[in-house]
Amino acid sequence: MKRLVILSGKGGTGKTTVAGALIKLSQSKAYADCDVDAPNLHLITRQNTEPEKKDFYGMPKAEINQDLCVKCGLCQEKCRFDAIKNKNESYYIDSFSCEGCGVCEAVCPADAVKLHKAVAGELSLYRGDGVFSTAKLKMGSGTSGKLVTEVKKGLSQTPQETQLAIIDGSPGIGCPVIASLSGADAVLIVAEPSVSGISDMERIIRTAKHFDVKIAVCVNKYDTNISNTKKIEKFCLDERLPYLGEIPYDIYAQKAINQGKTIAEVDCPSADAVKKIYEQILKIIFIN
Amino acid sequence: MADRNIKIAVLSGKGGTGKTLVSVNLAAAANKSTYVDCDVEEPNGHLFFKPTAVEKEEIFVKIPNVNKDLCIGCKKCVEFCKFNALAYGKELIVFDEVCHSCGGCVLICPQKALTEKEKLIGIVETGISQNVKTITGELKTGEASGVPIIKNLLNKAKNEKGFIFIDCPPGSACTVMESIADADFCLLVAEPTVFGAHNLSMAYELVKVFDKPCAAVLNKTTGEYNPSEDFCGKYGIEIFAKIPFDNELGEINSNGKIAVRENYSNKDLFYDLLVKIKEAVK
Amino acid sequence: MRIAIPVNEDSQKTDICPSFGRAPFFMIKNTETNEYHFLINDAAESAGGAGIKAAQLLLNEKIDAVITPRCGENSAKVLQDADVKIFKSQGSIATQNYDLYEKGQLSPLTDIHAGFHGHGG
């Protein structure tokens, strides 16, 4: 099974819109939403079954037992993350800031601080015709890289004959993106023709080059700035990256999405453009 | 207003909704203001402001350094480290990029064989762009957490007077929380799609946890049904501005220009938004 | 010699796990006594640095060599610093790889991949 990851660097370029369309066009039996901070793919890929849910545990969090606490303040003094506060001489942990390092537990003279398992998110696995794996990181959590890996693991439940899995990646260049990239056969970068979009696209391409993965680029909403679109095309030429095409800004795309559909299910200019890009990306993945 | 500041955090729960568009233009529209770019993974505000008189500061965190003469290989530090940043084969190995700088190994070493050294994780740049002081942070690629950089940015901003606009990272992770923790008011920027509304709900949840007063700015509106507007109605979130999808604005923005400093025909909308914010924070 | 392989199940007919750091188990064979045993890989649950922890667990078990399809640069550093040899596995059956090792037919693993910066790789 080959894995295609859709990335962008910058948020809001249309990654999920494009991923949704590619899933529909390829009739993919295996897809995943690795944007665990702000998952959106489920909003346009209708599921017929209830998902299997699983709690995801990240780093543990500290808790102070007030009955044992002697209020020496040593834990607060040693905490590097400002996660221990005190109010009216009572010490307590700010669990959003707590990184689970265990220093407070180690220094407490009264054995009053303990680390506990903490739920950092929830995984959902839909098993119908194929497999759809997604997750949501709990607010304030920081261990999204591991959750992304867990989401991808859900794809291993796919029927054997599946040829192509499509992964909607996260924005940025950090650890969740790196976790989405590992094991990928190809990455499609959806770029936006703006100064910010180009800057972020260059950063994500630099990150992706560290991995043994084929990289291809397409431009979304290209007609919002033709001259920047040309800059992206030239950049791809200079870097010898396949430039797969351009998708126009399309009011019908928004309408389709608001009806919970992918653009591939609607007759519109952006869908036509994505179909052409789809054919190109298949060649890159399956033909050497 | 002369002797205090008002911190307005601009967030959205999702990337690409217009956080930077709104925060950059509000900062430029105010008489004198500060713009803080807390999106340290993909900072973009400086591309619009092109600040001058830039001063750069490197940001460091502490990581352990072993004195091999004192280390006896007891591996207490290896067992303690919750991040698995230490290993011991024939000698102690420290994995810098895995270390979260908690200082625990140094505290726990019975031989006092560990001390700390500094690791560069990013930079903070301050500059000026006409009426705006810019404070931008950038995290080195591959580094664990932008939180120390965000702390530094906000610390630099805290003594400024007048409006401080904080351009937050997307999402609702720890970096966003750090960015809004001390804000006086939150502006939630939302797109008119189900994606936009879904992400608006996550940003709203975050803002409520921190008990911050807030209002919404609906961006790229088209006059069609707007799920984000629906959400605001349902939850009683006041809408301070609706920025219509507009090719002129889109082009100015995609060229890295600041609408209120250009000949943009509808620049009043940013000035009106600023007035609404001033009223709300009184 | 004690040789470890990352595997999916704790049974002799198990296949090899594609991940080193997050393999559920390590199969360990003692080539002198021809005995096998399985080690639960506690590192699989880690939020980050799984490869480092897995390598440390194997060092604690006094492993002499590892046979694996992949290995990250952090795990490799821990193993190599302690003179543990790393070989590239062939095919997917663990026991077959022990045979190949004993016949000297396995090559050293040369393509060590970049670390995942400690967050979930």
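Conventions adopted
- Residues numbered from 1 in each chain as written.
- Chains lettered and ligands numbered in written order.
- Predicted model: local features only at pLDDT ≥ 70, side-chain atom pairs only at ≥ 80, totals over all residues.
- Heavy atoms only, no water.
- Helix = DSSP H or I, 4+ residues; strand = E, 2+ residues; numbered from the N terminus.
- Rg over C-alpha atoms; globule rule 2.2 N^0.38 Å.
- Buried < 20%, exposed > 50% of the residue type's maximum accessible area, 1.4 Å probe, protein only.
- Contact = heavy atoms within 4.5 Å.
- Areas by Shrake-Rupley, 256 points an atom, 1.4 Å probe, with all protein chains shown as cover.
- Lys, Arg positive; Asp, Glu negative; His and termini not counted.
- Charge placed at Lys NZ, Arg CZ, Asp CG, Glu CD.
- Pairing = 2+ DSSP bridges.
- Right-handed = clockwise from strand over helix to strand, strands pointing away.
- 1 Å grid on protein atoms, 1.4 Å probe; cavity = no way out; pocket = protein on both sides within 12 Å on 5 of 7 lines; lining within 4 Å.
- Points joined across faces, edges and corners; volume = space filled by probe spheres on them.
- Nonpolar A, V, L, I, M, F, W, Y, C, P; charged D, E, K, R; others polar.
- Salt bridge = Lys/Arg side-chain N within 4 Å of Asp/Glu carboxyl O.
- Axes fitted to C-alpha atoms, helices over the stretch in contact; angles between N-to-C directions.

Asks: Pulling in residues and values, what's your account of the overall build of chain C?
Replies: Of the regular secondary structure elements, chain C holds three helices and five strands. Along chain C, helices and strands appear, N-terminal first, in the series β-β-β-α-β-α-β-α. Compactness check: chain C gives a C-alpha radius of gyration of 13 Å against a globular reference of 14 Å for 121 residues, within 12% of the reference. Taking the principal axes of the C-alpha coordinates as reference, chain C spans close to 35 × 25 × 25 Å. When the 121 residues of chain C are sorted by exposure, 52% land in the buried category. Excluding contacts between residues fewer than 6 apart, the proportion of contacts in chain C whose partners are at least 24 apart in sequence is 50%. Within the structure as shown, chain C displays about 5,300 Å² of accessible surface, and the carbon and sulfur contribution to it stands at 47%. One finds the centroid of the 11 positive side-chain charges in chain C at a distance of 3 Å from the centroid of its 15 negative side-chain charges.

Asks: Let's hear about the pairing of strand S9 (residues 185-190) of chain B: which residues, and what values?
Replies: Here is the key point about a regular strand: its side chains alternate between the two faces of the sheet. All names here are of chain B. Counting buried positions along S9 gives six out of six residues, so the element sits mostly inside the fold. Relative to S9, strand S1 (residues 5-11) is paired through four bridges, and the arrangement is parallel. Across the sheet, the residue bridging to Ile-8 is Phe-185, located in S9. In the sheet, S9 pairs with strand S10 (residues 214-221) via five bridges, with the strands oriented parallel. The residue bridging Ala-190 from the neighbouring strand is Leu-218, located in S10. Of the crossover connections in this fold, the one passing from S9 over helix H7 (residues 194-209) to the parallel S10 is right-handed.

Asks: Summarise empty space enclosed by the protein; cite the residues concerned and give the values.
Replies: Residue and element names in this part refer to chain B. Following the criterion strictly, the structure yields four cavities of 30 Å³ or more and no others. Put simply, the largest cavity is a space of about 120 Å³. Lining the largest cavity are 17 residues, and of these Pro-64, Cys-81, Cys-99, Cys-102 and Cys-105 sit closest to its centre. Mapped by element, the contributors of at least two residues to the lining of the largest cavity are strand S3 (52-66) and helix H4 (104-108). For the lining of the largest cavity, the element with the most residues is S3, which contributes three residues. Split into classes, the residues belonging to the lining of the largest cavity amount to eleven nonpolar, four polar and two charged.

Asks: Which residues make up the pattern of salt bridges, and what values do they have?
Replies: Applying the stated criterion across every chain, the model contains 27 salt bridges over all chains. Across the pair Lys234(A) and Asp238(A) runs a salt bridge, and its minimum N-O distance is 2.9 Å. Of this pair, Lys234(A) and Asp238(A) are both found in helix H7 (residues 226-238), four residues apart, which corresponds to roughly one turn of the helix. Exposure class is identical for Lys234(A) and Asp238(A). Each is exposed. For Asp81(C), the salt bridge identified is with Lys77(C), shortest N-O distance 3.7 Å. One end of the pair, Asp81(C), and the other, Lys77(C), are both in helix H2 (residues 73-81), four residues apart, so they sit about a helical turn from each other.

Asks: Can you explain the environment of Gly142(B)? Please cite residues and give values.
Replies: Residue and element names in this part refer to chain B. Within the fold, Gly-142 resides in the loop between strand S7 (132-139) and helix H5 (147-157). Overall, the relative accessible area of 11% leaves Gly-142 in the buried class. Residues Gly-142 and Glu-41, spaced 101 residues apart in sequence, show a C-alpha to C-alpha distance of 9.8 Å.

Asks: Describe the sheet that holds strand S1 (residues 2-7) of chain C, listing the residues and the values that go with them.
Replies: All names here are of chain C. Taken together, the five strands give an open sheet; going across it, the order is S3-S2-S1-S4-S5, and neighbouring strands pair in mixed fashion. Two strands in the sheet have a free side with no partner beyond their single neighbour: strand S3 (35-40) and strand S5 (85-88). The mean angle between the axes of side-by-side strands here comes to 25°, regardless of whether they run parallel or antiparallel. Pairing analysis gives two bridges linking S1 to strand S4 (residues 65-68), with the strands arranged parallel. Each residue of the ladder has a partner; that of Ile-3, found in S4, is Ala-65. Set on the sheet, helix H3 (residues 94-102) makes contact with S1, strand S2 (25-30), S3, S4 and S5; between it and S1 the angle comes to about 145°.

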